Every structure is written in structure tokens, then in C-alpha cells.
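Topology and contacts: notes
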Amino acid sequence: MFFSYGPQQAAGGAVTPSHRTHSAQSQSQSPRRSTATLQRSCAGPMPPVYRAGCDGVIQRLLALLEQPIAALLTEEPAADVRPSSMAVAAVRPRWRLCLLVHVVACGWSAAVLRANCSDHISSRHPGAWGYGGRWKYLTFINLVMQAVFFGFCVLTDLIHTVLPSKSARSGIPVFLIMLRDGIFTVLAFPVGTFVFISFWSLYTYDRELVYPKYLDDIIPLWLNHAMHTAIMPLLLVQMYLQHHKYPSRINGVLGLALFASLYLAWVLWVRHVSGQWVYPIMAHLSPAGLVLFLGAASLSMVPLYLLGEKLNRVMWSTTGNQKKKK
């Protein structure tokens, strides 16, 4: 089967220069010829109404023929405001869901703190009425931190649920989100993860080093898991539920190092005043071993901070671009 490509071919299949010139001239004159043909076809006797319509069609075709094809291919569709309004409408149900989850998490944390501070446990726990009370334990500090954090999340969710979307994009609502992200990324996640990993690692190796057996008669099993196990799922749910903007790595690590240094100084001060170590494992270590233990425990928080940064990136990235969800 043979196809005709327009210009005549010379022997050997090549198009001669004269044929190329003639083809280009024919293509440049094709709009005018087609227009003239249409005009002749409409030149016959016809009513004025139809003739005016025919002239309008001819003018429209002429405008289309003269318009560059490249402009047609690259023309952008007209902007539509409906997607943005739909996106704004979809934000509020997300904030309501976050509010529901945070109310449950805050209530759970408050219930755990209340059970831990009950008179039944306080009167029997030797560390509760010693110097520093429960505030010398990192587990208790972490519980308070989580309760305050989730309570702060409830406040932030309420403000973003009540305020109009435009008002929530600046001022106090934005500041609250920045503060929420700073608390979670620098303190809540790395400290909570450290409590979870360090406690169960030492408990598996030798529970007498961190949680002596006599505590089973004082602290119920569910409360032990609430303080040392349930904290990790809550952190992962929070990371999955809301995106958290991490600070620069140097600022985040420095903030975590400041917290670790203050707590380490507090532990040493309690030892200096009361003559007792906060954790039983410290009493079994030599001075050199104590330095290595405290140094390793403090430095181990840095990888945990980087772990949170990595998990946040994995959960909230699609083809390398972070989703913008709150």
C-alpha cells in the first residue's frame, strides 16, 4: 500500500529543494485558500440570516487558522476556586478527628498519673516519699510530659476547629502548632522512646537493676505497662496522625542535650543530698562504669532523635514531597 505525502519526490525518494519551497508556499497560503473557498460556497443565493451566520463561521475559522498551534497546546486551563474551598472544608473533619484522639490520650495520661500518685501506692513506695519524690524518676517526668503535651494538643485542636480557616493561618494558632511540634520532636518522642527501650532492656537483662520484684506488690501490672509500654504506641499514633515540622538538626540535638544534662545533674544532686542513687543499677557500678553508663545513656538519645526524624519523613512523604496535613 502506498501513501501520498504531498510534495513530489525525486528519483531516489528525496524531495528536491524546489519542491520544498513550493510545499512551504502552499502551506502558508492554505488558510487563505480555504477561506476563499468557504466564501465562494456561501456566495450563492441564501437568506440574509443564514449568510450572516456563514460569515461568522468563516471569521471564526480564520481566527483559529491564524492562531499558533503551540499556543493551543500550552494553554493553561482557567483557574477554578472550587478545589480550594473543598480543601478548606476537608480540614475541619481532620481537626475534629485529632481532637477526639487527643482527648482520649490526655484522659488516659491523666488517669495513669492519678493512679501512680494514689495514696495506696504513695504510702508503700519507698521512692515516693524520699528526697525528690517521684520527680527524680524519668518515667514519672515522661508521664507528666505526655499528659501536658496531649492537653496542649487538645487546646490547639479546639482553636483550629472553632476559628475560621483564614484566621488559623497566622498569629496564635500558628505559634501553637510550632510549639506543639517543638515539644514533640525535641522532647516527647526521644525521651518517651528512651524510657521504653531502656526500661525493658534492663528489665529483660536483670529486673532487679531497674524494677525490683517487690514493686509488683505495690504497682499493679497494668500500671507498669501503662508507664513503660503504652507510651510508645501513643507516640507512634501521634506521629501518624499529625505532621510535625522538625527544627534544624543542630538545634534539635542541642535542645535534647540540654534536657539530658539537666536531668543528669538532678540525679547527681539527689545522690549528693540523700546518699542514695535513683536507680538500683547505679549502686552496682564503679566510678568509671558509672561515667560510661551515664554517658552512654545520654548519647543514646541522639539516635532516638534521628529515628523520630526519619519516621516522620517516611510517614509523611510521597515521592519525596512532604504532605501538608495537620
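Just above, that's the structure.
Residues numbered from 1 in each chain as written. Predicted model: local features only at pLDDT ≥ 70, side-chain atom pairs only at ≥ 80, totals over all residues. Heavy atoms only, no water.

1. Comments concerning the overall build of the protein chain
Formally: Labels follow the DSSP assignment, with helices taken as runs of H or I lasting at least four residues and strands as runs of E lasting at least two, numbered in each case from the N terminus. Throughout, a contact is declared for two residues whenever any of their heavy atoms are within 4.5 Å. Using a 1.4 Å probe, accessible areas were evaluated by the Shrake-Rupley method; residue-level cover was limited to the displayed protein chains.
From N to C terminus, the protein chain includes 13 helices and two strands. Pairs at least 24 residues apart make up 75% of the contacts formed inside the protein chain by residues separated by at least 6 positions. Carbon and sulfur atoms make up 68% of the accessible area of the protein chain, which amounts to about 20,200 Å² in all.

2. Quick notes on the layout of surface pockets
Applied cut-off: In this analysis the probe radius is 1.4 Å and the grid spacing 1 Å, with only protein atoms considered; a cavity is a set of points the probe fits into but cannot get out of, a pocket is an open set with protein on both sides within 12 Å along at least five of seven lines, and lining residues have an atom within 4 Å of a point. Grid points are joined across faces, edges and corners, and a volume is the space filled by probe spheres set on the points. Each residue gets one of three labels, nonpolar for Ala, Val, Leu, Ile, Met, Phe, Trp, Tyr, Cys and Pro, charged for Asp, Glu, Lys and Arg, and polar for the others, Gly among them.
In this model, the largest pocket occupies a volume close to 1,100 Å³. Taken together, 47 residues line the largest pocket, and the ones lying closest to its centre are Tyr137, Val210, Val278, Tyr279 and Pro280. Counting residues per element, the lining of the largest pocket draws most heavily on helix 10 (residues 249-274), which supplies six residues. Looking at the lining of the largest pocket residue by residue, the class counts come to 34 nonpolar, eleven polar and two charged.

3. A look at empty space enclosed by the protein
Under the counting rule described, the total for this entry stands at one cavity of 30 Å³ or more. Its volume calculated, the largest cavity comes out at about 40 Å³. If you trace the largest cavity, you find it lined by Trp108, Ser109, Val112, Leu143, Gln146, Ala226, Ala230, Ile231 and Leu234. Those elements giving two or more residues to the lining of the largest cavity turn out to be helix 4 (82-116), helix 6 (138-162) and helix 9 (231-241). Here the lining of the largest cavity takes three residues from helix 4, the largest share from any one element. Grouping the constituent residues of the lining of the largest cavity by class yields seven nonpolar, two polar and no charged.

4. Overview of the packing of helix 6 against helix 7 (residues 172-206)
Between two packed helices, what matters for the description is the angle formed by their axes and the separation of those axes. The line we're drawing: Comment: axis = line fitted to C-alpha atoms, over the contacting stretch for helices; angle = value between 0 and 180 degrees taken between N-to-C directions. Convention used here: angles under 35 degrees read as roughly parallel, angles over 145 as roughly antiparallel, angles from 65 to 115 as roughly perpendicular, and any remaining angle as oblique. Handedness of each helix crossing follows the sense of rotation of the near helix against the far helix: counterclockwise by less than a right angle gives left-handed, clockwise gives right-handed.
Running from N to C, helix 6 and helix 7 point in directions that differ by 155 degrees, and their axes come no closer than 10 Å. For the element pair helix 6 / helix 7, the angle class is roughly antiparallel. Relative to helix 7, the crossing made by helix 6 is left-handed.

5. A short note on a nonpolar patch on the surface
Note the following rule: Residues form patches when they are more than 30% accessible in relative terms and have no salt bridge. Like charges link within 9 Å. Nonpolar side chains (Val, Leu, Ile, Met, Phe, Trp, Tyr) link within 5 Å. By definition here, a salt bridge exists when the distance from a side-chain nitrogen of Lys or Arg to a carboxyl oxygen of Asp or Glu is within 4 Å. The cut-offs for exposure are 20% and 50% of the maximum accessible area for each residue type, with area from a 1.4 Å probe on protein chains only; residues under the lower value are buried, those over the upper are exposed, and the others partly exposed.
The grouping of Leu97, Leu100 and Val104 at the surface amounts to a nonpolar patch, some 300 Å² of accessible area in total. In this structure, Val104 sits in helix 4. Judged by relative accessible area, Val104 falls into the exposed class, the value being 56%.

6. What about the state of the cysteines?
The following threshold applies: Any cysteine sulfur atom paired with another within 2.5 Å is treated as part of a disulfide.
By the definition in use, this model includes zero disulfides. This cysteine, Cys98, is not joined by any disulfide, and Cys153 carries the nearest cysteine sulfur, 8.8 Å off.

7. Let's talk about the packing of aromatic side chains
In this description, a pair of aromatic rings is defined by centroid distance and the angle of the planes. Applicable threshold: The criterion for an aromatic pair is that two Phe, Tyr or Trp rings (for Trp, the six-membered ring) have centres within 6.5 Å, with stacked assigned to planes under 30 degrees apart, edge-to-face to planes over 60 apart and tilted to the rest.
This model, assessed by the stated rule, comprises twelve aromatic pairs. Judged by centre distance (5.5 Å) and plane angle (65 degrees), the rings of Tyr246 and Tyr305 are edge-to-face. Here Tyr246 is found in the loop between helix 9 and helix 10, whereas its partner Tyr305 is found in helix 13 (residues 301-315), with 59 residues between them in sequence. Residues Tyr246 and Tyr305 agree in their burial class; the two are buried. Every member of this aromatic cluster is reached through a ring pair, and the members are Phe149, Phe150, Phe184 and Phe189.

8. With respect to the side chain of Thr139
By the element assignment, Thr139 lies in helix 6. Excluding anything up to four places from it in sequence, Thr139 contacts Val195, Met227 and His228.

9. Let's talk about the nonpolar core
Rules: For this analysis, a nonpolar core means a set of buried residues of the types Ala, Val, Leu, Ile, Met, Phe, Trp, Tyr and Cys, connected via side-chain atoms within 4.5 Å.
Counting residues in hydrophobic clusters, the biggest one holds 52 residues, and the most contacted among them are Leu138, Phe184, Ile219, Tyr263, Val278, Tyr279 and Met282. The element contributing the most residues to this core is helix 6, with ten residues. Setting aside anything within four residues of it in sequence, one finds Phe184 in contact with Phe149, Phe189, Pro190, Leu235, Gln238, Met239 and His244.

10. Comments concerning the pattern of salt bridges
Tallied over the full model, the rule gives four salt bridges. A salt bridge links Arg180 to Asp181; the shortest N-O distance between them is 3.0 Å. Asp181 matches Arg180 in its accessibility class, with the two residues each being buried. Taking the shortest distance from any N to any O, the salt bridge between Arg249 and Glu309 comes out at 2.4 Å.

11. Observations regarding the environment of Ile183
On the secondary structure map, Ile183 appears in helix 7. Ile183 sits in the partly exposed class, given a relative accessible area of 23%. Each C-alpha atom of the pair Ile183 and Phe149 lies 7.3 Å from the other, and the pair is 34 residues apart in sequence. Not counting the four nearest positions on each side in its chain, Ile183 is found in contact with Phe149 and Ala188.

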